[in-house]
Structure formats: structure tokens, C-alpha cells
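Listed here are the chains, written in short residue letters.
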Amino acid sequence: MPREASAGGIVVRDQAGVLEVAVIRPHGRSLWALPKGHVDPGETPEQTATREVWEETGLRATLVAPLGEIRYVYQFRGQRIFKRVHFFLFRYLTGVLGDIQHEGQRVEVDEARWVPLVRVSALLGYKGEKAIAARAARMLLRAGPVLAPSSKPPEESGD
Ligand code: ATP
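Fair warning: this is a prediction, and the values are worked out from it, not measured in the lab.

Asker: What is the right way to look at the overall build of the protein in this model?
Answerer: A tally of regular secondary structure across the protein gives 4 helices and 6 strands. Each helix (α) and strand (β) of the protein, taken in turn from the N terminus, gives the series β-β-β-α-β-β-α-β-α-α. The burial tally for the protein puts 41% of its 159 residues in the buried class. Restricting to contacts in the protein with at least 6 residues of sequence separation, those with at least 24 account for 71%.

Asker: Even after reading the chapter, I still don't get the site of the ligand, so can you show me in this structure?
Answerer: The local shell around the ligand consists of Ser6, Arg29, Lys36, Gly37, His38, Ile70, Tyr72, Tyr74, Lys83 and Tyr126. Within the side chain of histidine 38, an N or O atom sits 3.4 Å from an oxygen atom of the ligand. Within the side chain of tyrosine 72, an N or O atom sits 2.5 Å from an oxygen atom of the ligand. For the shell around the ligand, the per-class residue count stands at 4 nonpolar, 3 polar and 3 charged.

Asker: I'm lost on the pairing of strand β1 (residues 3-15) in this one. Help?
Answerer: On any regular strand, side chains alternate: one points to one face of the sheet, the next to the other face. The pairing of β1 with strand β5 (residues 79-94) spans 10 bridges and is classified as parallel. By the bridge assignment, alanine 5 is partnered in β5 with arginine 84. In this structure, β1 lies alongside strand β3 (residues 36-38), joined through 3 bridges in antiparallel fashion. Bridging from a neighbouring strand, serine 6 pairs with histidine 38 of β3. Between the end of β1 and the start of strand β2 (residues 18-26), which pair antiparallel, lie 2 residues, with alanine 16 showing a positive phi angle near 50°.

Asker: Any chance you could explain the nonpolar core here in plain terms?
Answerer: Nonpolar side chains in soluble globular proteins tend to be buried together. Of all hydrophobic cores here, the largest spans 20 residues; its most connected members are Ile10 and Val120. Of all the secondary structure elements, the ones that give two or more residues to this core are β1, β2, β4 (60-76), β5, α3 (117-123) and α4 (127-143). Of the residues forming this core, the biggest block, 5 residues, is contributed by α4. Not counting residues up to four positions away in its chain, the partners in contact with isoleucine 10 are Val21, Leu34, Leu67, Phe88, Leu89, Phe90, Ile132, Ala133 and Ala136. One finds Ala22, Ala49, Val53 and Phe90 within the second-largest nonpolar core, a separate group that totals 12 residues.

Asker: What am I meant to see in the packing of aromatic side chains here?
Answerer: Aromatic ring pairs are defined here through the distance separating the ring centres and the angle between the ring planes. Scanning all chains against the criterion turns up 2 aromatic pairs. Ring centres of tyrosine 72 and tyrosine 74 lie 6.3 Å apart, and the angle between their planes is 45°; this geometry places the pair in the tilted category. Relative accessible area serves as the criterion here: at 29%, tyrosine 72 is assigned to the partly exposed category. Pairing tyrosine 92 with tryptophan 114 gives two aromatic rings, centres 5.6 Å apart and planes at 90°, and the pair type is edge-to-face. Taken as a pair, tyrosine 92 in strand β5 and tryptophan 114 in strand β6 (residues 109-116) lie far apart in primary sequence, 22 residues in all. For the pair tyrosine 92 and tryptophan 114, one class covers both residues: buried. It is arginine 60 that lies over the ring of tryptophan 54; its NZ or CZ is 3.7 Å from the centre.

About the cut-offs
Residues numbered from 1 in each chain as written. Predicted model: local features only at pLDDT ≥ 70, side-chain atom pairs only at ≥ 80, totals over all residues. Heavy atoms only, no water. Helix = DSSP H or I, 4+ residues; strand = E, 2+ residues; numbered from the N terminus. Buried < 20%, exposed > 50% of the residue type's maximum accessible area, 1.4 Å probe, protein only. Contact = heavy atoms within 4.5 Å. Near = heavy atom within 4 Å. Polar contact = N/O pair within 3.5 Å; in protein donor to acceptor, adjacent residues only side chain to side chain. Nonpolar A, V, L, I, M, F, W, Y, C, P; charged D, E, K, R; others polar. Pairing = 2+ DSSP bridges. Core = buried A, V, L, I, M, F, W, Y, C linked by side-chain atoms within 4.5 Å. Phe/Tyr/Trp six-rings, centres within 6.5 Å; stacked < 30°, edge-to-face > 60°. Lys NZ or Arg CZ within 6 Å of the ring centre and 35° of its normal.

Following this line, the structure appears as C-alpha cells:
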């Protein structure tokens, strides 16, 4: 069975004490998902995740920690494909969600939205991504001040 590797991220910001996550609605799909994409030749999953977060959300973010990988099989033109997707936790830095500069990527994403971290697992459409979001939420609850406003420079607090 052909294999594919992608990488993506959970980007978290602190909005007046409420942690929020950037989610996207991939083009033509009626569900919410995390930004992700194919690992290009020569890229590490960390580099891919950082690039895909930027391309699919318009956000610049700092990688905080790995969140593990999900695996699934899907069909493309009658062929079954085995896919692994590495996910990472990111802290929001700059950018406006949905302000996508790249023409091609704008077509791949129909909508983007900030949602409270506590609701993201229930909102996401894919089981594997729900589990990743739940893991991120647990990690952030344990970590406490990792994303608190006091740990960020003032210019990072905007949209
Ligand atoms: P990428 O975003 O990695 O470049 P893509 O858009 O080419 O990928 P996928 O998002 O993997 O491809 O979608 C291919 C198929 O797999 C679609 O039918 C999609 O609904 C399904 N799919 C996507 N993510 C998941 C998942 N986490 N679990 C199960 N099926 C998924």
C-alpha cells in the first residue's frame, strides 16, 4: 500500500485569559480540521508543520512541543493509501487568521476560525485530530503559564 506523510499543528493563543485554537474548514469539506500538509522532500515534520500552519492559516507561530502522530487509510482513485500525520503544539506569534497570502492555499481552505481550546476536540471532524486536541489541552492545563500573556511580548497579543 502506498504511504504518505504529512505534518500539522495546533496553534494556541491566549485571548484575555481564554486559550483559543486555530481551526480550518478544508475546501469542499463540511467539517473542521487542523492545518496540515505533505512533508516535502528534505523537510523535517517540524518544518512542514510550521510552513503548513503559515500557508493554511496566515499565522506565524513558534513550535512548543510534539503532540504525536495519527494514522489513517483513505482511498484515492480506487487505491488505498496509508497516511501518517505528525502534529505539533504551536504558540501564536503574529498574523491574522484566514489572511492567506498564497493563491493556491486560499483555494484549499474555505474558512478559518479561532475556537476555545476546551471546545476544539468536540468540534473537530476526524477522530485522530480530536485525540490530538485533547492531548494538547491536557498538556496546556499541566503546563500552566507556557502561553500566559506575561510570557509574551506585548505585540503578540493582537489578532
Ligand atoms: P494534506 O492536507 O496532508 O496535504 P490532502 O488534502 O491531500 O492532505 P487528506 O486531508 O489526508 O489529504 O485527505 C484525504 C482523504 O482522507 C479525504 O477523504 C479526507 O476526508 C480523509 N481524511 C483526512 N484527514 C483524516 C483523518 N484525520 N482521519 C481519517 N480520514 C481523514
